[in-house]
Every structure is written in structure tokens, then in C-alpha cells.
Amino acid sequence: MTQKKDIFERDLLLASKQFPGLSIKGTPGKLFLKGILDIKDCDGNVAYSYSIEIHRADGYPFRFPKAYEVGGDIPIGSDWHKYEDNSLCLDVETEEVLKCRRGLSVSDFIIQELIPHLANQRYRATEGHYVNEYKHGISGVKEFYAEQMETADEQMWLKIANHVFVTKDKRRNELCYCGSGKKYKQCHERIDQRLELIGKQKVLNDFNNIGLI
Ligand SMILES: [Zn+2]
């Protein structure tokens, strides 16, 4: 591959300057980052160092790059969010797509996703559990929507989705469709906006995957 402008490889270069422990390896078109990423404590002292690699992922920068923990500090297993090939599972897919909707650079990915993830791994290694546990697969998707819609009631999710994607006329000053007795603008409008941001296709897809529709 000899693309003139390779956004991913340009971003790798920027990240390698920002994180001196990481350097560029591989050949053009197949470059990746490899090295040490430090996790710091509240005082800024290095609490732990992880050996990592960051590789290209399809859809970048609208998807996370692939991150691997290659030092063997994190055990392999789905409850550790680490796969057989050493790659790390950083988030539920829908959440990932939302976080990347404006494009997420390698550097921002390291700062906003990878370092907090590794800090959480370190926390678990010393304390026995994660600060915030999240789940994979279907339960992960359900957890995501329960959070976004502020209820675990799946029939309510359908009601909300129906209002967001089917109801044409949304009256802000009338009573909310949920039956709370509050005006729509003071009740579900805020939650509707979140669902709208995720998008109809994605929501339908997710609802289908969890067996809701
Ligand atoms: Zn409501």
C-alpha cells in the first residue's frame, strides 16, 4: 500500500511523539506502535507500565484502533476483556461508534480509552475487581441501553424508539408519551435525543440482536 495520505500512519507518528515509550514498527502500509505505556497515580508517579501494541483497525478513525497487551500482565479471558490474540476489548460496539462519531485519533484513543482501561486493569490486579465493570455481547448491549434510556424496562425502550423514529410530530409542551404526567420537554426529550444520536439503523440492529424485535 502506497497511499499518499494515510491518516492512521500520520496519527501513529504524532502519537509516537506524544508518548516517548511508544515507537513505530513495521513497514509502510503496515506500521504499528509498540512499546511501554505508563499508568500514573494521582501524584503523577508511574504506578505501572504495560507493554502494548496499537494496530490499524477497519473503519479508523471512526472505530478504535486495535490495542494489544503483549507483556502478559493481563490474563487472557473474556472476564478480563482480553482475547486469545492479546487484543483488548475496550468497549461495547455501540458505545465505541458513538465515541468515534467525529473521528478519534490514535493519541486521543490512548488518552481517553487505553490509559483508563489499563488503569482499571491495574486496579483490578491489586484490588480484585474493576472500578466500573462492563459486560460483553448481549448483556453489554442491554447494559448500554439501560444506561442511555435510564430504565431497564425493555418495553419502555421500544416505546422510546417508536417515539423517536416513528412519531413525526413531537409536541414539546404536551404531556410526555411515557405517562409520567410531565411535559415532554421536561421528561423524555433528553433521552430521545440520545437515541436519535445513535441512529435508527444501529438501534434497530441492536434491538434485533438482543431479541427485542
Ligand atoms: Zn417521559
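Our structure is the block above this text.
Everything in this summary refers to the structure shown in the same document. This structure is a prediction, so every number in the text was calculated from the model and none was measured.

## Here's the deal with the pairing of strand 3 (residues 46–55)
Here comes step 1: The pairing of strand 2 (residues 32–40) with strand 3 spans 8 bridges and is classified as antiparallel. Following the sheet pairing, lysine 34 is matched in strand 3 by glutamate 53.
Here comes step 2: Remark: 5 residues form the turn of the hairpin made by strand 2 and strand 3, two consecutive strands paired antiparallel; glycine 44 in that turn has positive phi of roughly 85°.
Here comes step 3: When strand 3 meets strand 4 (residues 66–69), the two strands line up antiparallel, connected through 4 bridges. The residue bridging isoleucine 54 from the neighbouring strand is alanine 67, located in strand 4.

## Points about the coordination of the zinc ion
Here comes step 1: Surrounding the zinc ion are the protein donor atoms Cys176 (SG), Cys178 (SG), Cys187 (SG) and His188 (ND1), which sit 2.0 to 2.3 Å from the metal.
Here comes step 2: In this structure, the zinc ion is surrounded by 4 donor atoms whose angles at the metal cover 105 to 116°, and the resulting shape is tetrahedral.

## Some points on the pattern of salt bridges
Here comes step 1: With the rule as written, the count across this model stands at 18 salt bridges.
Here comes step 2: Across the pair arginine 194 and glutamate 150 runs a salt bridge, and its minimum N-O distance is 2.9 Å. Within this pair, whereas arginine 194 is found in helix 6 (residues 189–198), its partner glutamate 150 is found in the loop between helix 4 (137–149) and helix 5 (154–165), the two being separated by 44 residues in sequence.
Here comes step 3: Exposure remark for arginine 194: the relative accessible area of 25% places this residue in the partly exposed category.
Here comes step 4: Here glutamate 150 falls in the partly exposed class, since its relative accessible area comes to 46%.
Here comes step 5: One connected set of salt bridges, linked through shared partners, spans Arg63, Glu93, Glu96, Lys202 and Asp206.

## Describing the packing of helix 5 against helix 7 (residues 200–209)
Here comes step 1: The N-to-C vectors of helix 5 and helix 7 enclose an angle of 155°; their axes lie 11 Å apart at closest approach. By the criterion of interaxial angle, the relationship of helix 5 to helix 7 is roughly antiparallel. Between helix 5 and helix 7 lies a crossing of left-handed hand. Where helix 5 abuts helix 7, its residues Trp157, Leu158, Ala161 and Phe165 lie against Lys200, Val203 and Phe207.
Here comes step 2: For the contact of helix 5 with helix 7, a count of residues per class yields 6 nonpolar, no polar and 1 charged.

## Here's the deal with the sheet that holds strand 3
Here comes step 1: Taken together, 4 strands build an open sheet; the order of strands is 1-2-3-4 and the sheet is antiparallel. Taken across any chain shown, the strands that pair with only one partner, and hence form the sheet edges, are strand 1 (22–25) and strand 4. The sheet shows a mean angle of 25° between the axes of neighbouring strands, taken without regard to direction.

## With respect to the packing of aromatic side chains
Here comes step 1: Under the definition given, this model contains 9 aromatic pairs.
Here comes step 2: Pairing tryptophan 157 with phenylalanine 207 gives two aromatic rings, centres 6.4 Å apart and planes at 25°, and the pair type is stacked. Residue tryptophan 157 is located in helix 5, and its partner phenylalanine 207 is located in helix 7; the two are separated by 50 residues in the primary sequence. Both residues of the pair, tryptophan 157 and phenylalanine 207, belong to the buried class.
Here comes step 3: Ring centres of tyrosine 177 and tyrosine 184 lie 6.2 Å apart, and the angle between their planes is 45°; on these two criteria the pair is classed as tilted.
Here comes step 4: Since its relative accessible area comes to 21%, tyrosine 177 is described here as partly exposed.
Here comes step 5: Owing to a relative accessible area of 5%, tyrosine 184 belongs among the buried residues under this scheme.
Here comes step 6: One aromatic cluster is present, built from ring pairs that chain together Phe144, Tyr145, Trp157 and Phe207.
Here comes step 7: The cationic tip of arginine 124 hangs over the ring face of tryptophan 80; the distance from NZ or CZ to the ring centre is 3.6 Å.

## Topic: helix 7
Here comes step 1: Buried within helix 7 we find Lys202, Val203, Asp206 and Phe207. The buried residues of helix 7 occupy an angular sector of 130° when projected down its axis, which confines them to one face. Across from the buried face of helix 7, at angles greater than 90 degrees, the exposed residues are Gln201 and Asn209.
Here comes step 2: Against the buried residues of helix 7 lie helix 2 (93–99), helix 4, helix 5 and helix 6.
Here comes step 3: Trailing helix 7 by a residue or two, glycine 211 shows a phi angle of about 80°, which is positive.

Rules and cut-offs
- Residues numbered from 1 in each chain as written.
- Predicted model: local features only at pLDDT ≥ 70, side-chain atom pairs only at ≥ 80, totals over all residues.
- Heavy atoms only, no water.
- Pairing = 2+ DSSP bridges.
- Helix = DSSP H or I, 4+ residues; strand = E, 2+ residues; numbered from the N terminus.
- Donors = N, O, S within 2.8 Å, 3.2 Å for Na, K, Ca; no water.
- Tetrahedral: all angles 85-135°; square planar, octahedral: opposite > 155°, others 65-115°.
- Salt bridge = Lys/Arg side-chain N within 4 Å of Asp/Glu carboxyl O.
- Buried < 20%, exposed > 50% of the residue type's maximum accessible area, 1.4 Å probe, protein only.
- Axes fitted to C-alpha atoms, helices over the stretch in contact; angles between N-to-C directions.
- Parallel < 35°, antiparallel > 145°, perpendicular 65-115°, else oblique.
- Left-handed = near helix turned anticlockwise from the far one by under 90°.
- Contact = heavy atoms within 4.5 Å.
- Nonpolar A, V, L, I, M, F, W, Y, C, P; charged D, E, K, R; others polar.
- Phe/Tyr/Trp six-rings, centres within 6.5 Å; stacked < 30°, edge-to-face > 60°.
- Lys NZ or Arg CZ within 6 Å of the ring centre and 35° of its normal.
- Arc of directions from axis to C-beta.

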